[in-house]
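Observations on the three-dimensional arrangement
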Amino acid sequence: MTTFHLSGYPRIGAKRELKFAVEAFWKGAKSEAELRETAAEIRRLNWAAQKAAGADLVPVGDFSFYDHVLDTLCTLGALPKRFGFDASKLTLPEYFQLARGNATQFAMEMTKWFDTNYHYIVPEWHADTEFSVNAANLIAQIKEAKAQGCDIKPTLVGPLTLLWLGKKKEEFGCRVKTLLPKLLPAYAQLLRELAAAGADWIQIDEPILAADAPQPYLDAFPNVYKELAATGVRIIIGTYFATVAEHLNLLKSLPVHGVHIDCVRAPEQLAVFAEGWPQERVLSVGLIDGRNVWRANLSKVIDTLAPLNAKFGSNLWIAPSCSLLHSPQDLAVEEKLDAEIKSWMAFAAQKLVELGIVKRALEHGKDSVKAELAASDAAAADRATNKKIHNPAVQERVGSLKAGEDQRKSPFPVRIQAQQAWMKLPLLPTTTIGSFPQTTEIRQARAAFKKGELSAADYDAAMKKEIAYCVEVQEKLEIDVPVHGEAERNDMVEYFGEQLAGYCFTQFGWVQSYGSRCVKPPVIFGDVSRPEPMTVYWSSYAQSLTKRPMKGMLTGPVTMFKWSFVRDDVPLSTVAKQIALALNDEVLDLEKAGIKVIQIDEPAIREAMPLKKAQWDEYLAWACEAFRLSSTGAEDSTQIHTHMCYSEFNDILPAIASMDADVITIETSRSDMELLTAFGDFKYPNDIGPGVYDIHSPRVPAEVEVEHLLRKAMEVVPVERLWVNPDCGLKTRGWKETLEQLEVMMAVTKKLRGELDNKR
Ligand code: GLN
Ligand code: ZN
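Residues numbered from 1 in each chain as written. Chains lettered and ligands numbered in written order. Predicted model: local features only at pLDDT ≥ 70, side-chain atom pairs only at ≥ 80, totals over all residues. Heavy atoms only, no water.

Labelled according to an unreviewed UniProt entry, the protein appears under the name 5-methyltetrahydropteroyltriglutamate--homocysteine methyltransferase, originating from Neisseria bacilliformis ATCC BAA-1200. Listed under Function (unreviewed entry) in UniProt, the entry text for the protein is "Catalyzes the transfer of a methyl group from 5-methyltetrahydrofolate to homocysteine resulting in methionine formation." We quote the UniProt Catalytic activity (unreviewed entry) comment for the protein here in full: "5-methyltetrahydropteroyltri-L-glutamate + L-homocysteine = tetrahydropteroyltri-L-glutamate + L-methionine". (UniProt positions renumbered as here; feature names shortened; annotations may be inferred.)

Structural data, given as C-alpha cells:
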C-alpha cells in the first residue's frame, strides 16, 4: 500500500469564508464563538475532502487564524516579552494583537516565506527568550480530525528552520548556541504531548535544507534529531522549494523515519534519493505541484514513481510537492473561466483527486484508473498543441533573437547626453514612482465600469479628470519628470495581464498572502503577445497637458510572471522573453507617440531569485536580458527608468547594473541610505534616484530628515547622476499627506540645488 499524505491545505475557505469571518470579528460584527465555528467548519470540510480523495494521513496544525509560524511560536510559548502576554492563557484577541499590533506595541514583523508570496510572522529572538509548551490547540484539532474518522499527521515548522527564520541579526550570538539548548527540550516535550494525543507520525518541516542554511544550523541537525527521535514518535522531515540532494548523507545520518522531497521544483533530486535513500525508511515524493494551478500529467507521474514503488514498496509515500497552502482551493467554483483553459487546471481540491488516482494506480495497476488516465493524457496532449497556448509568431520571434539584440544603440554615457540635450533637467531632477493616491472615487469608477454600470465615455472622463488633476499637482510642485498617476490601474500586473494575450483571470483563485489578506494572481497559460497598445492612450493624454517630459509606466517581465501563476510547459526564461517583447512593442509605440521617458518597474526581480545561490547567475543572466529586451530598439534620446523596492539588493548590484536602465529609482529611506552606500562602493554607473521618504507612512517628514538623507546620497553618488524621488508608488496614501510630503521633497531639493549652483 502507498501512503497518500499532505502537509497542508488552503485554510481561507473556497470563497474566503475565513477572511470575512476574521475581519468581521476584528470589527466586532462577529463573536469569537462564531469565528471559531467558521474555522471548525473549514477544517471539517478540508479533512472531508482529503479523506474522500483517499488521503491516508491528513495534516493537523496547518489551519491558522493568521499564520502558522505565529501559531508555532504560541505553541512553544516563545512570544515577544514586550507584549506582556502569558502564552499559556493567550486569548484570541491577544493572538491577533501579536500579528497586528496594539495601542502600545507595534506588530511583529512579517516577511515572505522562502520564494512564495505567503508572508509569515518573523520570530523575535532575544537572549532571554523562554520556551514553554502549550499544545492544547493542536491537541483539540487532533481530536476533531480523529472524531471525523481521519488518521492524522501533525505538521510543525522544524526547530532549526524556526530559529533561522527569526530576525536576521544575531546580535546575541548564533541562535544555535544561545537558544537551541532552550528550544530543544520544549520541542521534544511538544512531540511527546502530541504522541500522547494519538499522533503516530509527525512531519517536521525543515525547508532551510533547501535554502543554503548556514553551517552552524546544518551542524546542529544530528543532535537535534537524536533528541527528537528519543521521544519515540515517528518523524518525517519535510523539505520543499529546491533540491536537498546535497544533504542526502546528513539526512541519512538522522534517526528519522522518513523524508519528503519536492520533485516538481527539483526533479533532478529524485534519482539521487531513489538510489541513496535507505529502502527501510519512508521516501515521500512530491510530484504534484503544490503551488501552481496546472493539472499533472498523471501517466508520467505514475511511470516516474513505478521503479520507486518497486524498490520502496509501502515506504514510498506520495504528496503534493509542498503544502497546498500556496494553491487556490477549488477549481469547481469557477464559472467564467474559458472551458478549455479550465480543463488544463487543477486547484487544491483537484490535486487531492490526482493524488488519489496515483495512489490507486500504484496499488492496483494503471488499468484500475484507465478512464482517469485517459482524461489526464487527453488534457496533456491538448495542452501540447492547442492554438490558444501556442502562437508560432511569438515563438519564432523569441527563437530568432540574435546575440546583442538586447543592447541599446549606444552605451550610457552617449545616451545620457542625447537625453540631456532635449530634457534639459536641472541638477537633482525630481520624479515619482508612478502611482498617485487611489481615492475611493477612482476605485468605484473603475469597479462600476468593469461591471458595466458606468459607460465607456463616463469612465474615460473620470480617468481623464483624475489624470489632469495629477498633472496639475505635479506642475505646481515643479516636479521635473511627472507621471500620469496610474488611476486606471487596479494592480500593476493585472492591468497589463488583462491586455496581453496568453493571460487569463480566475474568479476565486485566491491564495493567502498574509493574515486575512489574499491575492488572486493572474494566470499565464500560453504564449504572451500584445494585440493592442496598452498605455499609449492615457500617457499621451497626460503628455498633452504639460510641456514637461511625461514618464510612461510599464511593469517589467520578471514582475509580470513572478506575481502570476505561470505555465509550467516552457522554461520561465522563455515566458520572460515573450513578455519582454510584448513590452518592447509598447515601448516603441510610446516612443512614437512622443513619450520619451519610460519606466519599466521590476520590484520583483529579487524575489524571483532561486533559493540556492548556485543558481543565481543563470537566473540573473536571463532576467536582466529580458529587462533589456523590453526597451531594445529605443532611441538613445529615450530615457529608460526602472524601479525596485523592499528587497535586499546589495548582493546583486552587478546584475542591476547590467540591466543598463538610464535611471534606477530605488527604495532606501527606511535603512537610512544603507543600500545607497553599496551602490556608491560598487560605483553604479548610471543615474540613480534613492527614495528620500518612506511612502508607507502618512507622516510628513521634516525637511531636515529629507535633507539628511539627500546629503548622505550626495556623498556616495556623483551629484550629476543623482535623482530625487519617494521610495515607491503613492497609491496607498491620501492626497493631503502626499502633497505635503512632496512639498518637503521639493523644498529640500531646491535648497540643495541653490547651494550647488553657488559652488559652480
Ligand atoms: N509604478 C508602481 C507604482 O507606483 C510601482 C509599484 C511597486 O514598486 N510595487 O505604484
Ligand atoms: Zn516600489
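Although it is not a glycine, Leu 428 adopts a positive phi angle of roughly 50°. Inspection of the secondary structure assignment puts Leu 428 in the loop between helix H17 (412–423) and helix H18 (440–451). The exposure class of Leu 428 is buried, given its relative accessible area of 0%. Although it is not a glycine, Glu 486 adopts a positive phi angle of roughly 60°. Within the secondary structure, Glu 486 sits in the loop between helix H19 (456–477) and helix H20 (494–497). (Helix = DSSP H or I, 4+ residues; strand = E, 2+ residues; numbered from the N terminus. Buried < 20%, exposed > 50% of the residue type's maximum accessible area, 1.4 Å probe, protein only.)

Our focus in this paragraph is the environment of Ala 127. Structurally, Ala 127 can be placed in the loop between strand S4 (119–121) and helix H5 (136–147). A relative accessible area of 47% places Ala 127 in the partly exposed class. Remark: the alpha-carbon pair of Ala 127 and Glu 354, spanning 227 residues in sequence, is separated by 47 Å. With near-sequence residues (within four places) excluded, Ala 127 lies in contact with Phe 172, Leu 179 and Lys 182. (Contact = heavy atoms within 4.5 Å.)

What follows deals with the UniProt feature "binding site: Zn(2+) 1" (unreviewed entry) in the protein. Feature annotation in UniProt places "binding site: Zn(2+) 1" (unreviewed entry) on His 643, Cys 645, Glu 667 and Cys 728, given in this structure's numbering. For this annotated set, covering 86 residues, all C-alpha atoms fall within 8.3 Å of each other, a compact arrangement in space. For His 643, the position within the fold is in strand S18 (residues 639–644). Given the relative accessible area of 2%, His 643 is considered buried. Once residues within four sequence positions are removed from consideration, His 643 is found in contact with Ile 433, Gln 599, Ile 600, Asp 601, Glu 602, Pro 603, Thr 665, Ile 666, Asp 727 and Cys 728. Here Cys 728 lies in the loop between helix H27 (703–716) and helix H28 (735–759). Contacts of Cys 728, omitting those with residues within four sequence positions, involve Ile 433, His 643, Cys 645, Tyr 646 and Ile 695.

In the neighbourhood of ligand 1, the contacting residues comprise Ile 433, Gly 434, Ser 435, Glu 486, Met 492, Met 553, Asp 601, Pro 603, His 643, Cys 645, Cys 728 and Gly 729. Contact distances for ligand 1 include 2.8 Å between an oxygen atom and a side-chain N or O atom of Ser 435. Glu 486 has a polar side-chain atom sitting 3.0 Å from a nitrogen atom of ligand 1. Taking 300 Å² as the accessible area of ligand 1 by itself, protein coverage stands at 89%. When grouped by side-chain class, the residues that make up the shell around ligand 1 number 6 nonpolar, 4 polar and 2 charged. (Near = heavy atom within 4 Å. Polar contact = N/O pair within 3.5 Å; in protein donor to acceptor, adjacent residues only side chain to side chain. Areas by Shrake-Rupley, 256 points an atom, 1.4 Å probe, with all protein chains shown as cover. Nonpolar A, V, L, I, M, F, W, Y, C, P; charged D, E, K, R; others polar.)

Within the secondary structure, Val 333 sits in the loop between strand S10 (316–320) and helix H13 (339–343). The spacing of Val 333 and Pro 159 is 174 residues in sequence and 38 Å in space, taken between C-alpha atoms. Sequence-distant contacts of Val 333, that is, excluding residues within four places in its chain, are made with Lys 15, Gln 507 and Phe 508.

What follows is about the pattern of salt bridges. Counted under the stated rule, the structure contains 48 salt bridges. Among the salt bridges present, the one from Asp 406 reaches Arg 628, with a minimum N-O distance of 2.8 Å. One end of the pair, Asp 406, is in the loop between helix H16 (392–399) and H17; the other, Arg 628, is in helix H24 (residues 616–630), and 222 residues separate them in sequence. Take Asp 406 and Arg 628: they sit in the same class, and that class is buried. Connected through salt bridges with shared partners, the residues Arg 408, Arg 415, Asp 660 and Asp 662 form a single ionic network. (Salt bridge = Lys/Arg side-chain N within 4 Å of Asp/Glu carboxyl O.)

We now examine the sheet that holds strand S1 (residues 3–4). What the 8 strands build is an open sheet, ordered S1-S10-S9-S8-S7-S6-S5-S2; its pairing is parallel. For this open sheet the edge positions go to S1 and strand S2 (58–60), each flanked by a neighbour on one side alone. As defined by bridge partners, strand S5 (residues 152–157) adjoins strand S6 (residues 201–205) across 3 bridges and the pair is classed as parallel. Bridge assignment links Val 157 to a residue of S6, and that residue is Asp 205. Taken strand by strand, helix H9 (residues 215–229) contacts S6 and strand S7 (234–238), and its axis lies near 145° from that of S7. (Pairing = 2+ DSSP bridges. Axes fitted to C-alpha atoms, helices over the stretch in contact; angles between N-to-C directions.)

What follows deals with the packing of aromatic side chains. Taken as a whole, this structure holds 24 aromatic pairs when the rule is applied. With a centroid separation of 6.3 Å and 75° between ring planes, the pair formed by Phe 65 and Phe 96 is classed as edge-to-face. Highlighted residues: Phe 65 in the loop between S2 and helix H3 (68–75) and Phe 96 in helix H4 (residues 92–100), separated in sequence by 31 residues. Across the pair, Phe 96 and Phe 65 agree in class, each one buried. Seen from their ring centres, Phe 449 and Tyr 459 are 4.1 Å apart, and the 10° between their planes marks the pair as stacked. Here the residue Phe 449 occupies a position in helix H18, and Tyr 459 occupies one in helix H19, the gap between them amounting to 10 residues. Judged by relative accessible area, which is 33%, Phe 449 ranks as partly exposed. A residue is classified by how much of its surface remains accessible, and Tyr 459, at 10% relative accessible area, is buried. (Phe/Tyr/Trp six-rings, centres within 6.5 Å; stacked < 30°, edge-to-face > 60°.)

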